[in-house]
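# Fold and contact review
One letter stands for each residue in the lines below.
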Amino acid sequence: MATLLYRLGKTAYRRWPVFLAAWLLALIGFGTLAVSVSKPMADTFSIPGIPSLKAQDTQKELFPGTANAEDQATVNVVVAAPEGHTLKEPKYSGAVDALIADLKDTPQMPKTPLGNPVQASNAQYKMAVEQAVKQGTPRAVAETNAKQLLPLSADGRIGTITWTFDAPSVQDVKQETRDEVLASLDKARKSGLTAEVNGSGMQAMPETGGKSELLGVGVAALVLIITFGSLVAAGLPIISAFVGVGMGMLGIQLATAFTTIGTTTPMLATMIGLAVGIDYTLFILARYRNELHDTDDRAEAIGRAVGTAGSAVVFAGLTVIIALSALFVVGIPFLTSMGLAAAGTVFFAVLVALTLLPAVLGMLKSKSFGGRVRKQKVHREDDGKLINNGVRWARAIGKAPILIAALVIVVLGALATPVKDLHLALPSDSTASATTTQRKASDLMTEAFGPGREAPLVIIADGRDITDPQARPKAYSDVVAWASKQGDVANAQIVGMNKDGTGAQILITPKSGPDDQATLDLLQNLRDGEPGIENQTKVDVGTTGITAIQTDVSDRLTEALPLYLAVVVGLAFILLMLVFRSILVPLTATLGFLLSVLATLGATVLVFQEGHLGLVDGQPLVSFLPIILIGIVFGLAMDYQVFLVTRMREAYVHGATAKEAVVDGFRHGARVVTAAAAIMISVFAAFMLQPDNLIKSMGFALAAAVFFDAFIIRMVLIPAVMYLIGDKAWWLPKWLDKILPNVDVEGESLAKLQAATPKHATDAEAPADEDPSQPARHQADDDDDIDDEELTRV
């Protein structure tokens, strides 16, 4: 592999116009195709085969024409009069009528007219009571049931206007439709009304560009400037990352033509794309500058850099891609699309680093390290080897490896303790940011009708096995009575029977909200009791509704986590064995990752679930956060492992002792890993500035995970363990060594090429990072010549 990449890098450098033209054509062609066929994005958190969807299928059989709950583009406009007033007052009733008149002109509105909640409440109440009484329901019960469904609060201050957009699915709702609804609400607020809106029909894709991303990129630029001391070199990784992310975003747009893509997918791909895009280019560029101290032939230098550092980039990227692509094994469509989209962006990041970077360097030639902002300081030991903070750090750890390893395990173990209280749920309007109209509407509905109004459960009663038609209504009533006796049920009532009486829909309104544990317990209790009520009534029952569907998805995500972890760790373990020719190195790398992930989840529970630090109100973590966290962070953790430990192995196979190899690995790799991790953290942490709580929690979790894994596990625990196990770290059974292919990440196959290549310059100019008045340096042990003190201060 090293030889192949060496030739690729050298060719890209020499034939840079061809490579740059190819990338330009790819961007233009890909972009044109994506724009022409792309469709809107929407969140459809559903999984084939879950109990709620099976019940929904039965519902469709009994009630033909029923739409999928997850596809219905429902809208709830919540209006409220000021404190001390009601919507029944002419001023506010007229304002509601004016709002309804404005909403009627909105595109994609249903043909069914909208009603003022005051008048609709009166008419609906009378009709519901009389109809229920005719069917044999006691009047008191009928009145209680009717009040439960009214669109007006008991005090008359808050009302709802509800409809479903005339669209096949949520993703078919046009953005202009949403914009007109919001404009109508703005107009209504001028009359003194409080007007907010939520519902699946008002879902909008979070913005993927803004101040948060720019802030992360800005910090990354600062780190790169200090790393290279050059404005030009600092800009190259950022430009490369933007190209990779751009290709990834176009790929996502193209994919919308063939499948449903969630609204958070571009944000996730942007997070990971920016981070790895900068890191991979940084790693190769740093090695390129190192090689310039060993040869004046720039094409040769970039060839060696791509052959060695590029090999590590390929395997690091492959590990991330495996971790993200493996999301398909859990069988969850929306999660698969998120993983594949992010994996595609990582693929483009690797491709950019291997081909576009050498081409740009070929175009710039001696200007690659232009725009100097500081002088370099180089310190060497008596034997001529470079000494820097990486060397000092590694030697400090070597003085007490047992104590340091134990301390890391205790500290991260303590941080992981809150994981026992982890509460997962899918995002909902009630967990949205407090500043959004969705959250405000949800809070108003909770105030007016209780939290259970937004967490309805629907029991589908299938009475086709009951041969006596007269016995079916009684059986359905028995199901209602059984459901009413469950804990946390505010109301249970029949809301519809089909024409032949073979099926009924029973609405269950919980006392708790959609994300409360009590509601989840209620759903489980209903399902646990289904066999008993079915035997008693001869009615087949199943529970569905959007709350049940989302709960089932959350449960499936939790159940899939062990399988996903096993697949990712297993494949990555094999890959790392190929890279390091070792069993213990991949094992310690994996165990360290698990420790950092547990600590990250514990910290996230403290901050987001329990509300510490005041970033958000306490709320459940999004159900797919653990899987996404594992998928992304495992790949990134192995990136750092590869970047750092390949340098150790390179020193070891060239004759260094195990302890010397650890120090040498830090001598050459610690600075790059430090800069890469700092960039990762800044990019991820910047997403915490997003208003969306889901994105905010993911940004925090990813930033924390990178901090724990890069600076605590890779920079502290791993060297301590490597000191302790010594030469055994590189042990591999002979039989396994024979069957494992040699991928040559260290670039041993390039040694003959390096020995045979004359050291002469192909470019007329002297390297920009050298003093032209001084003779060229040829120090094999020379590193990036980064100012230790300056980087440490970062």
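Just so it is clear, the structure is predicted and the values come from calculations on it, not from any experiment. (Residues numbered from 1 in each chain as written. Predicted model: local features only at pLDDT ≥ 70, side-chain atom pairs only at ≥ 80, totals over all residues. Heavy atoms only, no water.)

## Looking at a nonpolar patch on the surface
Judged by side-chain polarity, Leu 215, Val 219 and Leu 689 come together as a nonpolar surface patch covering roughly 270 Å² of accessible area. Its location among the elements puts Leu 215 in helix H8 (residues 211-228). Among the residues examined, Leu 215 registers a relative accessible area of 45% and is labelled partly exposed. (Patch = residues over 30% accessible without salt bridge, like charges linked within 9 Å, V, L, I, M, F, W, Y side chains within 5 Å. Areas by Shrake-Rupley, 256 points an atom, 1.4 Å probe, with all protein chains shown as cover. Salt bridge = Lys/Arg side-chain N within 4 Å of Asp/Glu carboxyl O. Helix = DSSP H or I, 4+ residues; strand = E, 2+ residues; numbered from the N terminus. Buried < 20%, exposed > 50% of the residue type's maximum accessible area, 1.4 Å probe, protein only.)

## Let's talk about unusual backbone geometry
Phi angles above zero are rare outside glycine, and Gln 108 is one such case at about 65°. Tracing the backbone shows Gln 108 in the loop between helix H4 (90-104) and helix H5 (117-134). Of note in the backbone geometry, Asp 488 takes a positive phi value of approximately 75° without being a glycine. With respect to the helices and strands, the residue Asp 488 is situated in the loop between helix H16 (472-484) and strand S6 (489-497).

## A word on the confidence of the model for the protein chain
For the protein chain, the average pLDDT comes to 82, and 89% of its residues sit at 70 or higher. Across residues 205-209, confidence stays below pLDDT 50; counting only partners more than four residues off in sequence or on other chains, it has 12 contacts. Residue range residues 759-794 is modelled with pLDDT below 50. Its contacts to residues more than four positions away, or to other chains, number 98 contacts. (pLDDT = per-residue confidence, 0-100. Contact = heavy atoms within 4.5 Å.)

## Describing the nonpolar core
Counting residues in each nonpolar core, the largest one holds 167 residues, and the members touching the most others are Tyr 280, Ile 284, Tyr 288, Leu 335 and Phe 624. Counting residues per element, this core draws most heavily on helix H23 (residues 693-725), which supplies 21 residues. Ignoring any residue separated from it by four or fewer positions in sequence, one finds Tyr 288 in contact with Tyr 13, Arg 298, Ala 301, Ile 302, Ala 305, Leu 361 and Phe 369. If you look at the next biggest cluster of nonpolar residues, it comprises 29 residues, including Ala 73, Trp 163, Ala 167 and Val 197. (Core = buried A, V, L, I, M, F, W, Y, C linked by side-chain atoms within 4.5 Å.)

## Points about the packing of H16 against helix H18 (residues 530-537)
One can describe the packing of H16 onto H18 by two numbers: an axis separation of 10 Å at closest approach and a directional angle of 150°. It follows from the interaxial angle that H16 and H18 lie roughly antiparallel. When the axes of H16 and H18 are compared, the crossing they make is right-handed. The residues of H18 that touch H16, namely those facing Ala 475, Asp 478, Val 479 and Trp 482, are Glu 530, Ile 533 and Thr 537. Broken down by class, the residue content of the contact of H16 with H18 amounts to 4 nonpolar, 1 polar and 2 charged. (Axes fitted to C-alpha atoms, helices over the stretch in contact; angles between N-to-C directions. Parallel < 35°, antiparallel > 145°, perpendicular 65-115°, else oblique. Left-handed = near helix turned anticlockwise from the far one by under 90°. Nonpolar A, V, L, I, M, F, W, Y, C, P; charged D, E, K, R; others polar.)

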